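Structural features, examined
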Amino acid sequence: MAARAVRSWAVALSLLWMSGVALVAKAESPGASQGAALWQKFGCANCHRLGGAGETVGPELDQVTQRRPRDWIFRWLGDPASMKPGTLMPKLPWQAGEREALIVYLRQFAVPVDGPAIVMEKGRTPEAGEALVKAYGCRACHQVGTAAGRPLYPDLTIVRLRRTPAWEKSWLANPDAIKPGTFMPDFHFSEGEIDAIAAYLFRPPVKGGKTR
Ligand code: HEC
Ligand code: HEC
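So, here is what we can say about the structure in this document. (Residues numbered from 1 in each chain as written. Chains lettered and ligands numbered in written order. Predicted model: local features only at pLDDT ≥ 70, side-chain atom pairs only at ≥ 80, totals over all residues.)

1. Points about the site of ligand 1
To keep things clear, this is the line we draw: Here is the check we use: build the C-beta atom from the backbone, and if it is within 6 Å of the molecule or strand, call the residue near. Secondary structure follows DSSP: runs of H or I at least 4 residues long count as helices, runs of E at least 2 residues long count as strands, and numbering of each begins at the N terminus. For this classification, the nonpolar set comprises Ala, Val, Leu, Ile, Met, Phe, Trp, Tyr, Cys and Pro, the charged set comprises Asp, Glu, Lys and Arg, and every other residue, Gly included, is treated as polar.
Neighbouring ligand 1 are 25 residues; Cys 44, Cys 47, Gly 58, Thr 87 and Met 89 lie closest to it. It is helix H4 (residues 70-78) that contributes the most residues to the shell around ligand 1, three residues altogether. Across the shell around ligand 1, the residue classes break down as 18 nonpolar, five polar and two charged.

This is the structure:
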């Protein structure tokens, strides 16, 4: 009896110890706390949502490290207007090493997406497309149905009124080939993912209101 109690205490203690290690590892991932301090100092949350907090002037940034290469983000932070003339995002006085730390901080919020696995499970169906739009965070920029989106970017609820599925598929395959310099990211989708997203966006609206 006593031996069992001791054993379960040992298990409880080692679990406690392991969760402590996990917490320390997250907080001390090099640069992340410096990145968090810079996020505060530069007031990024006045324009961006991250981890459920912040304003909605610019895109939500939870998934940004999934949709943009690291070097792209690095250059963007250094001089936004050189990449998108007229953007509201200000050029900030970064010190050496600070942009790297900020990117480490951003990366902590991203959830990796396995798009091909979603298509494998659900087929090239509107349901798969809906799941992909959610997982990749298209709503960081686009309104789709009644949910989220920024007025800066096209509303995808009505994309079927403006575009054909064929156009939309070549757009998703390589936006920059259609519109050089566009701010729309290249997600490097597989063909199956593109078909599924097109099936979702071009699904006929349901009569009497809510479509998606
Ligand atoms: C005054 C508002 C404003 C502030 C402050 C601001 N941003 Fe932005 N940011 C924007 C806007 C707007 C965009 C989208 C670019 C566009 O369409 O003009 C953007 C885009 C971005 C992007 C690219 C997003 C994507 O999905 O491609 C990143 C990354 C980013 N900002 C990070 C930051 C960080 C980090 C800070 C703080 C250091 C910050 N921003 C401060 C307005 C702002
Ligand atoms: C960082 C912001 C951003 C994200 C995230 C984003 N887009 Fe876009 N998207 C744009 C911009 C900007 C345009 C307009 C292109 C232009 O005029 O340069 C656009 C255009 C489009 C268009 C064409 C709309 C039209 O009517 O012309 C489609 C379709 C589209 N995006 C789909 C998607 C899908 C699907 C996702 C998610 C997988 C996504 N976008 C994620 C910024 C974004």
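2. Overview of the site of ligand 2
What surrounds ligand 2 is a group of 23 residues, the closest being Cys 138, Cys 141, Pro 154, Thr 182 and Met 184. At the level of elements, helix H8 (126-136), helix H9 (159-162) and helix H10 (165-173) are the ones that each hand at least two residues to the shell around ligand 2.

3. Quick notes on helix H7 (residues 115-122)
For an α-helix the count is 3.6 residues per turn, leaving residues at separations of three or four pointing the same way. Counted only if it meets this: We call a residue exposed when 12 or fewer other C-beta atoms sit within 10 Å of its C-beta, buried when the count reaches 20 or more, and partly exposed for counts in between; the C-beta positions come from the backbone. Within this analysis, the arc is defined by the directions that extend from the helix axis to the C-beta atoms. Distance between backbone-placed C-beta atoms decides contact: two residues are in contact if it is within 7 Å.
Every buried residue of H7 is listed here: Gly 115, Ile 118 and Val 119. Buried positions in H7, seen along its axis, are confined to an arc of 95° and lie on one side of it. Across from the buried face of H7, at angles greater than 90 degrees, the exposed residues are Ala 117, Met 120 and Glu 121. Where H7 is buried, its residues touch H8 and helix H12 (191-201).

4. Some points on the nonpolar core
Just so we agree on the cut-off: A set of buried Ala, Val, Leu, Ile, Met, Phe, Trp, Tyr and Cys residues, joined through C-beta atoms within 7 Å, is what we mean by a nonpolar core.
Counting residues in each nonpolar core, the largest one holds 20 residues, and the members touching the most others are Ala 128, Leu 132, Val 133, Cys 138, Ala 196 and Ile 197. Counting residues per element, the ones that place at least two in this core are H7, H8 and H12. Element by element, the count of residues in this core is highest for H12, at six residues. Excluding its chain neighbours within four sequence positions, the residues that come into contact with Ala 128 are Ile 118, Val 119, Lys 122, Gly 123 and Ala 196. One finds Leu 38, Leu 77, Leu 102 and Tyr 105 within the second-largest nonpolar core, a separate group that totals nine residues.

Scope: geometric values only; no functional claims are made or implied.
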